Amino acid sequence: SKISNTMAKFSPLAVAALAALSCANGFVIQSTLSSMKPLQMSSDSYPTVHSDVLWTPSIKTGARDEILGPITAYCEDLHSVVRRKTRTVDCGPIKFGSEHPIVRQTMATTNTADVEATIDQVIRCADKGFDLVRITVQGRREADAAMRIREGLFKKGYDIPLCADMHFQPKVALMVAEAVEKIRINPGNFADGRKDFEEKVYETEEEYALEREYLFDAMLPLVQKCKELNRAMRIGTNHGSLSSRVLSFYGDTPRGMVESAIEFADICRSQDYHNFVFSMKASNPLVMVQSYRLLAAEQKRLNWDYPLHLGVTEAGEGEDGRMKSAIGIGTLLTDGIGDTIRVSLTEDPEFEYEPCNRLATIAEARLSTNADAKARQAATKSFTDTRDITTFARRKGQILEKKEDESVDASGFLNMDGSVVSVVTPEMFSKENIPYLYAGLGCKTAVGMPFKDIATSDSIFMRTVPP
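Here is a short report on the structure shown in this document. (Residues numbered from 1 in each chain as written. Predicted model: local features only at pLDDT ≥ 70, side-chain atom pairs only at ≥ 80, totals over all residues. Heavy atoms only, no water.)

1. Let's talk about the overall build of the protein chain
Along the protein chain, the regular secondary structure elements total 15 helices and 14 strands. Sorting the 467 residues of the protein chain into buried and exposed places 48% on the buried side. Pairs at least 24 apart in sequence give 71% of the contacts found in the protein chain among residues at least 6 apart. Working note: accessible area of the protein chain is about 23,600 Å², and carbon and sulfur atoms make up 53% of it. (Helix = DSSP H or I, 4+ residues; strand = E, 2+ residues; numbered from the N terminus. Buried < 20%, exposed > 50% of the residue type's maximum accessible area, 1.4 Å probe, protein only. Contact = heavy atoms within 4.5 Å. Areas by Shrake-Rupley, 256 points an atom, 1.4 Å probe, with all protein chains shown as cover.)

2. Thoughts on the sheet that holds strand S7 (residues 232–238)
Taking strand neighbours around the barrel as the criterion, the eight strands line up as S3-S4-S5-S6-S7-S8-S9-S10 in a closed arrangement whose pairing is parallel. Pairing analysis gives two bridges linking strand S3 (residues 103–107) to strand S10 (residues 340–341), with the strands arranged parallel. Paired with Val103 across the strands is Thr340, a residue of S10. Sitting on the sheet, helix H13 (residues 353–365) touches S3 and S10, and the angle it makes with S3 is about 160°. (Pairing = 2+ DSSP bridges. Axes fitted to C-alpha atoms, helices over the stretch in contact; angles between N-to-C directions.)

3. With respect to a nonpolar patch on the surface
On the surface, a nonpolar cluster with roughly 580 Å² of combined accessible area is contributed by Leu400, Val408, Phe413, Leu414, Val421, Val423 and Phe461. With respect to the helices and strands, Phe413 occurs in the loop between helix H14 (371–378) and strand S11 (421–423). According to the relative accessible area criterion, Phe413 is partly exposed, its value standing at 37%. (Patch = residues over 30% accessible without salt bridge, like charges linked within 9 Å, V, L, I, M, F, W, Y side chains within 5 Å. Salt bridge = Lys/Arg side-chain N within 4 Å of Asp/Glu carboxyl O.)

4. Some remarks on helix H11 (residues 285–302)
Under the 1.5 Å per step criterion, the end-to-end length of H11 is 25 Å for 18 residues, consistent within 8% with the ideal 26 Å. Across the 18 residues that make up H11, a large majority, 16, are buried. N-capping of H11 is provided by Asn284, with a side-chain oxygen placed 2.8 Å from the backbone N of Leu286. Immediately beyond the C-terminal end of H11, within one or two residues, lies Asn303, with a positive phi of roughly 65°. (Expected span 1.5 Å × (residues − 1). Polar contact = N/O pair within 3.5 Å; in protein donor to acceptor, adjacent residues only side chain to side chain.)

5. Examining the packing of helix H4 (residues 115–128) against helix H5 (residues 140–155)
Relative orientation and spacing of two packed helices are given, respectively, by the angle between their axes and the distance between those axes. Their axes nearest at 9 Å, the elements H4 and H5 cross at an angle of 50°. The angle between H4 and H5 places the two elements in the oblique class. Note on packing geometry: the crossing formed by H4 with H5 is right-handed. Residue-level contacts link Val115, Thr118, Ile119, Val122 and Ile123 of H4 to Ala145, Arg148, Ile149, Gly152 and Leu153 of H5. Across the contact of H4 with H5, the residue classes tally to seven nonpolar, two polar and one charged. (Parallel < 35°, antiparallel > 145°, perpendicular 65-115°, else oblique. Left-handed = near helix turned anticlockwise from the far one by under 90°. Nonpolar A, V, L, I, M, F, W, Y, C, P; charged D, E, K, R; others polar.)

6. Details of the packing of helix H10 (residues 254–270) against H11
The contact between H10 and H11 brings their axes to 9 Å, and the two run at 45°. Classified by the angle their axes make, H10 and H11 are oblique. The two elements H10 and H11 cross, and the hand of that crossing is right-handed. Along its contact with H10, which presents Pro254, Arg255, Met257, Val258, Glu259 and Ile262, the element H11 presents Val287, Gln290, Ser291, Leu294, Leu295, Glu298 and Leu302.

7. Re the packing of aromatic side chains
In total, this model carries eleven aromatic pairs according to the counting rule given. Each ring, one from Tyr208 and one from Tyr250, has its centre 5.6 Å from the other, and the planes form 90°; the classification is edge-to-face. One end of the pair, Tyr208, is in helix H7 (residues 205–210); the other, Tyr250, is in helix H9 (residues 244–250), and 42 residues separate them in sequence. The residues Tyr208 and Tyr250 share a single accessibility class, namely buried. In this structure an aromatic cluster arises from ring pairing among Tyr273, Phe276, Phe278, Trp304 and Tyr306. Above the plane of the ring of Tyr208 lies Arg245, whose end atom (NZ or CZ) is 3.7 Å from the centre. (Phe/Tyr/Trp six-rings, centres within 6.5 Å; stacked < 30°, edge-to-face > 60°. Lys NZ or Arg CZ within 6 Å of the ring centre and 35° of its normal.)

8. What about the nonpolar core?
Grouped together as the largest cluster of nonpolar side chains are 93 residues, with contacts concentrated most on Ile183, Met233 and Phe278. Of all the elements, H11 adds the most residues to this core, at nine residues. Every residue in contact with Met233, bar those within four places of it in the chain, is listed here: Lys182, Ile183, Ile185, Met219, Leu222, Val223, Cys226, Cys268, Tyr273, Asn275, Phe276 and Val277. Core analysis: the next-biggest nonpolar cluster, separate from the first, contains nine residues, Cys91, Val103, Leu132 and Val277 among them. (Core = buried A, V, L, I, M, F, W, Y, C linked by side-chain atoms within 4.5 Å.)

This is how it looks when you write it as structure tokens:
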């Protein structure tokens, strides 16, 4: 059978674990497992080699669909705001999950090796209202500094948890886990970014799976350390830093982001370590939303319930950065998806609190547990959702063509990918109003001259032509 062939790709230990999983989810795998003895697991018998890990069935071969069925929903309810049910993840004095308030967090911009400056900035963030602050740890020097920062904060009466942002340094991650409450790893460069991958093209599932030995060996010590110390972890995939291995096999896609995170989660789960959250960040809010929805849907299919950290990577500064974050984070919060958020701005971290808190406050007010919000959502007309969250493609518009009976050629001022039209009156052209006109049209200015920017209007509409 197809399922028997699929099972042959797993080790006996993994097959037995999948059998237990299958029974718990209401389906039974026949014949292949009939002669196997029941599996007795102890704390000393967690997988120590990659071949004994119960890797999530492949999406490319169709094994996942065959065993678990197709993807269904990505949120609890399309017609009302119902928070996605998750487990609780502990992180020092705070908790992530659907039973707890949305956690507001930010990231320090100081040099982590500058202990006093970092302590001062973390204190300012805590006083502002943030629940957690992330710090960058590039190497051993920063890992040593993280311990002194944690101690310094405790001495000053601050127990706000710290998250270490790790890249390329599995051994340093082990050191810093002693000091901070949470570790963030990026699957794209924690262990899956080595140079050898750049010289290979992965065309088959077998070729792709062979590299899991290296990933498992690099990740295992950190998982064991985090479990021992009850540290939290974020498996944080980033669209801009997918490994060449993932890019070769899945492409630059939301699916690649999700599969990269699932692979690392499989390693955590193999050690019965579940104190982690996911993130699927991208600088493009559309890619970011698509990725989170796909991950939420896959978690539902896999019967997983890990919390989600929301954020738009390098959203920018000022109005643009706040708008991008509102589009990406706000859309998902309206789906009921998201347990902790960060509004990433190229400004001092204290300035991230207002938009971050505003988004969280709006989301909590719109939950259907609020009577007024529930009534408004119930009054919405019924609709059928035809979106396909398993694929991502740009919307295709039609090139505007002037018809014979039309007196105006709209192609000169309307764009097939969408247009922003601003209404302008003759009074706005007066000398004293010109600066406000440029601002109203979204233009950038230099030495008084306007320049078109990403937020600039495409066309203007005038009911009265100036004299």
